[in-house]
Amino acid sequence: MAIIDTDIATAVDLLGQSQLVAIPTETVYGLAGNAMNAAAVSEIFRVKERPSFDPLIVHTHSIDRISEFTNGMPLAALELAQALWPGPLTLILPRKDNIPYLTTSGLETVGVRIPDHSLTLELLSELEFPLAAPSANPFGYISPTQPEHVNEQLGQKIPYILDGGVCRVGIESTIVGFENDIPVIYRMGGIEVEKIIEIVGEVNVEKTSSSNPKSPGMLKSHYAPLKKVIIGSIERMIHDYKTEEISIIAFSEEVEQVPSSQQFVLSRSGDLSEAAQNLFKALRTLDKNNTSVILAELVPDKGLGRAINDRLIRASTTH
Ligand code: TXA
Ligand code: MG
């Protein structure tokens, strides 16, 4: 298994040798390697079993460094960057040649993000290169929000997990691209759509396209447990199953008919941030018990609730 520890010098050393390190961010753990080194990047794709058409996000620690590997920023991008970084926002910007096509899956753009986690910001400031880091899970599975999640699935394949505790936000960054300089949301995430509109005015929200995804986080089936996930009214759905067959993800209240050990309540106080933080842990935990199906209800469709519902719906789509 990988070593789980907080030593930045070890991470710097390994990354400098083109090896991979799992890093904490405020959203989810990332599987990081030197974004400018094709060998390190191809190792990321191999370890994650990720298809080569799915580009990686490049992480750095300061807005000043971004011009080293991107070619200009639309005004709206600069406004978003200044208002929301470090934070759960990824901007799609024109790439410079020093970012290998392997990192961008052949695209002329690159996804860039300054994550809001003190350990990782310190790590990035000690490196001479930015870090490419997809979520540290096998492709298509649930993203990890604590070091143990990474270790369970990728521990045999990587040497080191930088331990930054439980991720504060718990769902991935919001991805914003620019088409004719107009912001387009490719993936809903840790920054609410409402917040983005507040900063730059109207935005477009890209509809899911699974045949030719601009952002494979948009693939219909993604973030999916191995078990079947069914979405709807829990009270109604439970009658179709034997009690021992079902696990439940509820927003704020347990149901009486099913043992508590088979249920995960996302937030007893009905708080969407807390629900987001718990979502992936809930899916992982219930995926491991002896039941055969997970019944889940959607949360209120506003703010972070939109990103939560997006993940639940994708988790429920069969492969
Ligand atoms: O919160 C996050 O964004 C986490 C942490 C580790 O930073 N990372 C993450 O990475 O979620 P990943 O690889 O699981 O999802 C990145 C998404 C992919 O769906 C990818 O297609 C999209 O970002 N993406 C990356 N570069 C892109 C580009 N140039 N154009 C469009 N989409 C891009
Ligand atoms: Mg991912």
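As a further point, take the environment of serine 252. Secondary-structure assignment places serine 252 in the loop between β13 (246–250) and β14 (263–265). Its relative accessible area of 23% is what places serine 252 among the partly exposed residues. Sequence-distant contacts of serine 252, that is, excluding residues within four places in its chain, are made with Val265, Ser267, Arg268, Gly270 and Glu297.

What follows covers the sheet that holds strand β3 (residues 30–34). Taken in spatial order, the 11 strands make up an open sheet running β1-β8-β2-β3-β7-β4-β6-β5-β9-β10-β11, and their pairing is mixed. Taken across any chain shown, the strands that pair with only one partner, and hence form the sheet edges, are β1 (3–5) and β11 (204–205). Of the pairings in the sheet, the one linking β1 to strand β8 (residues 160–162) comprises three bridges and is parallel in character. If you follow isoleucine 4 over to β8, its bridge partner there is isoleucine 161. On the sheet, helix α4 (residues 75–84) packs against β5 (89–94), β9 (174–179) and β10 (182–187) and is oriented at approximately 150° with respect to β5.

Within strand β6 (residues 109–113), four of the five residues are buried, which leaves it mostly tucked inside the rest of the structure. The pairing of strand β4 (residues 57–59) with β6 spans three bridges and is classified as parallel. Paired with histidine 59 across the bridge in β6 is arginine 113. Pairing of β5 with β6 involves four bridges; the strand directions are antiparallel. Across the sheet, leucine 91 pairs through a bridge with valine 112, a residue of β6.

The next thing to look at is the nonpolar core. The biggest cluster of nonpolar side chains holds 70 residues, and the ones touching the most others in it are Leu80, Leu89, Leu91, Ile158 and Ile196. Each of domain 1 (3–205) and domain 2 (228–317) contributes no fewer than three residues to this core. If we ignore the near neighbours within four places in the chain, the residues touching isoleucine 196 are Leu80, Leu89, Thr174, Val176, Ile185, Ile191, Gly201 and Val203. With 16 residues, the next largest nonpolar core counts Leu14, Leu15, Leu119 and Ala133 among its residues.

Under the domain assignment, the chain is made up of domain 1 (3–205) and domain 2 (228–317). Placing a centre on the C-alpha atoms of domain 1 and another on those of domain 2 gives a separation of 28 Å. Listed as interface residues are 25 residues of domain 1 and, on the opposing side, 17 residues of domain 2. For arginine 311, the salt bridge identified is with glutamate 172, shortest N-O distance 2.9 Å. Viewed at the interface, domain 2 and domain 1 are joined by nine residue pairs in polar contact (both at pLDDT 80 or more). Elements with a minimum of two residues in the side of domain 1 that touches domain 2: α7 (147–154) and α8 (193–200). Broken down by element, the residue count for the side of domain 1 that touches domain 2 peaks at three residues, all from α7. Looking at the side of domain 1 that touches domain 2 residue by residue, the class counts come to 10 nonpolar, nine polar and six charged.

Attention now goes to unusual backbone geometry. Proline 86 follows tryptophan 85 through a cis peptide bond whose omega is -10°. Within the secondary structure, proline 86 is located in the loop between α4 and β5. Even without being a glycine, glutamate 49 presents a positive backbone phi close to 50°. One can find glutamate 49 in the loop between α2 (38–48) and β4. For serine 105, which is not glycine, the phi torsion reads 50° and is therefore positive. Following the sequence through the fold, serine 105 ends up in the loop between α5 (101–104) and β6.

One can find threonine 27 in the loop between β2 (21–23) and β3. Assessed through its relative accessible area of 3%, threonine 27 is described here as buried. Of the polar contacts made by the side chain of threonine 27, one reaches the side chain of arginine 113; its length is 3.1 Å. When residues no more than four places from it in sequence are discounted, the contact partners of threonine 27 are Pro88, Arg113, Thr145, Cys167, Val169, Gly170, Ile171, Glu172 and Ser173.

All told, the structure shown has zero aromatic pairs when counted by the stated rule. Taking the ring centre of tyrosine 101 as reference, the NZ or CZ of arginine 95 above it sits at 3.9 Å.

Below, the discussion takes up the pairing of β5. In terms of burial, β5 is largely enclosed, as five of its six residues are buried. Note that β5 and β9 share three bridges and pair parallel. Residue pairing across strands places leucine 89 opposite threonine 174, the latter belonging to β9.

How each quantity is defined
- Residues numbered from 1 in each chain as written.
- Chains lettered and ligands numbered in written order.
- Predicted model: local features only at pLDDT ≥ 70, side-chain atom pairs only at ≥ 80, totals over all residues.
- Heavy atoms only, no water.
- Helix = DSSP H or I, 4+ residues; strand = E, 2+ residues; numbered from the N terminus.
- Buried < 20%, exposed > 50% of the residue type's maximum accessible area, 1.4 Å probe, protein only.
- Contact = heavy atoms within 4.5 Å.
- Pairing = 2+ DSSP bridges.
- Axes fitted to C-alpha atoms, helices over the stretch in contact; angles between N-to-C directions.
- Core = buried A, V, L, I, M, F, W, Y, C linked by side-chain atoms within 4.5 Å.
- Domains from an automatic or database assignment.
- Salt bridge = Lys/Arg side-chain N within 4 Å of Asp/Glu carboxyl O.
- Polar contact = N/O pair within 3.5 Å; in protein donor to acceptor, adjacent residues only side chain to side chain.
- Nonpolar A, V, L, I, M, F, W, Y, C, P; charged D, E, K, R; others polar.
- Phe/Tyr/Trp six-rings, centres within 6.5 Å; stacked < 30°, edge-to-face > 60°.
- Lys NZ or Arg CZ within 6 Å of the ring centre and 35° of its normal.

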